[in-house]
Amino acid sequence: MKKNLVVVGYGGMGGWHTQHALKSDCVNLAGVYDILPEKNELARSRGIFAYDSLEAVLADPKVDLITIAVPNDFHKEIAVAALNAGKNVISEKPVTLSSADLKEMIAAANANNRVFSVHQNRRWDVDFLAMKKIYDSGEIGEMFTIESRIHGSRGIPSDWRGEKEHGGGMLYDWGVHLVDQILQIIKEDIKTIYCRFEHLTNDEVDDGFKLVITFESGKEAYVEVGTYNFVAMPRFYMRAKKGSAIITDWREKCKIVKCKAWHESEVIPVQTAAGLTKTMAPRDSVTVDEYEIERPESDVHDYYRNFCKAIDGEATQLVTHEEMMKVMRVMEESFRSVELGQVVEFKL
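Residues numbered from 1 in each chain as written. Predicted model: local features only at pLDDT ≥ 70, side-chain atom pairs only at ≥ 80, totals over all residues. Heavy atoms only, no water.

### Comments concerning the side chain of serine 24
Its place among the elements puts serine 24 in the loop between helix H1 (12-22) and strand E2 (27-33). There is a polar contact of 2.9 Å between the side chain of serine 24 and the backbone nitrogen of cysteine 26. At 2.7 Å, the side chain of serine 24 forms a polar contact with the side chain of histidine 301. Setting aside anything within four residues of it in sequence, one finds serine 24 in contact with Lys2 and His301. (Helix = DSSP H or I, 4+ residues; strand = E, 2+ residues; numbered from the N terminus. Polar contact = N/O pair within 3.5 Å; in protein donor to acceptor, adjacent residues only side chain to side chain. Contact = heavy atoms within 4.5 Å.)

### Observations concerning the sheet that holds strand E6 (residues 143-151)
A sheet is described by the order of its strands in space; here 9 strands give the open sequence E15-E12-E11-E10-E6-E9-E8-E7-E16, paired in mixed fashion. One side of each edge strand has no neighbouring strand; the edge strands of this open sheet are strand E15 (288-293) and strand E16 (344-345). Note that strand E7 (residues 190-198) and E16 share 2 bridges and pair antiparallel. Pairing of threonine 192 across the sheet is with glutamate 345, part of E16. The sheet contacts of helix H6 (residues 126-137) involve E6, strand E10 (236-240), strand E11 (243-247), strand E12 (254-259) and E15, and relative to E10 the element is tilted by about 5°. (Pairing = 2+ DSSP bridges. Axes fitted to C-alpha atoms, helices over the stretch in contact; angles between N-to-C directions.)

### Observations regarding the side chain of asparagine 40
Mapped onto the secondary structure, asparagine 40 falls in helix H2 (residues 37-45). Residue classification places asparagine 40 among the buried positions, given a relative accessible area of 6%. Among residues more than four places away in sequence, those in contact with asparagine 40 are Tyr33, Asp34, Ala50 and Tyr51. (Buried < 20%, exposed > 50% of the residue type's maximum accessible area, 1.4 Å probe, protein only.)

### Looking at the sheet that holds strand E1 (residues 3-8)
Two modes of strand pairing occur in sheets, parallel and antiparallel, and in both the strands are linked by backbone hydrogen bonds. Judged by pairing direction, the sheet is parallel, and its 5 strands sit side by side in the order E2-E1-E3-E4-E5 without closing on themselves. For this open sheet the edge positions go to E2 and strand E5 (116-118), each flanked by a neighbour on one side alone. Ignoring which end each strand starts from, the neighbouring axes of this sheet average 20° apart. Across 4 bridges, E1 lies against strand E3 (residues 65-68) in parallel orientation. Each bridged residue has a counterpart across the sheet, and for valine 8 the counterpart in E3 is isoleucine 68.

### Here's the deal with the packing of H6 against helix H7 (residues 170-185)
Each packed pair of helices is defined by two parameters, the angle between the axes and the distance between the axes. Taken N-terminus to C-terminus, the directions of H6 and H7 make an angle of 20°; their axes are 9 Å apart at the nearest point. In terms of orientation, H6 and H7 fall into the roughly parallel class. Here H6 runs over H7; the crossing is right-handed. Side by side, H6 and H7 meet where Phe128, Met131, Lys132 and Tyr135 of the first sit next to Gln181, Gln184 and Ile185 of the second. Its residues placed into classes, the contact of H6 with H7 shows 4 nonpolar, 2 polar and 1 charged. (Parallel < 35°, antiparallel > 145°, perpendicular 65-115°, else oblique. Left-handed = near helix turned anticlockwise from the far one by under 90°. Nonpolar A, V, L, I, M, F, W, Y, C, P; charged D, E, K, R; others polar.)

### Focus: helix H5 (residues 99-111)
The end-to-end C-alpha distance of H5 is 18 Å, a good match for the 18 Å that 13 residues give at a rise of 1.5 Å each. Elements in contact with the buried residues of H5: helix H4 (75-84), E5 and helix H9 (321-340). Just downstream of H5, asparagine 113 is the residue with a positive phi angle, here 55°. (Expected span 1.5 Å × (residues − 1).)

### A few points about unusual backbone geometry
Following lysine 93, the chain continues into proline 94 via a peptide bond in cis, with omega recorded as -15°. For proline 94, the location among the structural elements is in the loop between strand E4 (88-91) and H5. Of note in this structure, asparagine 113 is not a glycine but carries a positive phi near 55°. With respect to the element layout, asparagine 113 can be found in the loop between H5 and E5.

### Here's the deal with the pattern of salt bridges
In the structure shown here, the tally under the stated rule is 31 salt bridges. Between lysine 62 and aspartate 60 there is a salt bridge; the shortest N-O distance is 3.1 Å. Relative accessible area serves as the criterion here: at 9%, aspartate 60 is assigned to the buried category. Lysine 260 is the salt-bridge partner of aspartate 289, the closest N and O atoms lying 3.0 Å from each other. Placement of aspartate 289 in strand E15 and of lysine 260 in the loop between E12 and strand E13 (270-272) is noted, with a sequence separation of 29 residues between them. (Salt bridge = Lys/Arg side-chain N within 4 Å of Asp/Glu carboxyl O.)

This is how it looks when you write it as structure tokens:
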């Protein structure tokens, strides 16, 4: 049976959720609510029921599930109220702005025996899924490093995302996705974190960042977001014992170069720029195989399908409380690293 869903916040992501809900095989869009009357009127003009208040949403016994799509600093307040009203809750990312707040949200979910999670929709990105597949398969051997980047050239949107009080900035906006993806690929304990912010177009919050996560095994992840890059660097790049993998753009397939023979003694020096080099001599088909892998199949609405099954006790939620907390702690330690200007030890 479909679950009755209300989306709180009818902006960009709120609109995205409603559009998916209207075509859903697992939820029925019962309505929306936005604090701005004009947003509610817009919904009504599109044939979508709009509640007059949040209290009306929480008091409606027909509502099974609430998705929160409002500025980041309001997530906890609405989530706790909804959970206490007996509703299951999905929060847009970041789930909230601190691990202390997240503990309160989880406690409310547990106390009311309700399902609560964060919308980590980018676990369904095909570029991420391709990299995870390569890592899990061991196709190019044990990984040394992975780099994950998102580059744009338009700065931070001119809305609350550029304001500190609302939890703006790129670490909260894009970083929370990229960190979650890395932790889904490398499921190991973290040793240290080092982060630096950029303030090229916004002095109040970070409009870009560079983050290094070092794991206890020695594996290293480099995560970068930039909003003033007119030439974007590759989306993903992985180095491993038997080769390398690269995805230049989320729309492209993953390219793999796999080493099949070392042959160091047979390397002939090559001319590069103004000199000779053996170290940087290119590989050939004798020593490496080059190929692409197909883009994985993906359906982002599987997130909602899983959540609805979790409500009925038929499945475990895909984005667990433990995973939410680990991502939040990485975010907090990244902010602390920026503040101290140094590497910090990670303790969950």
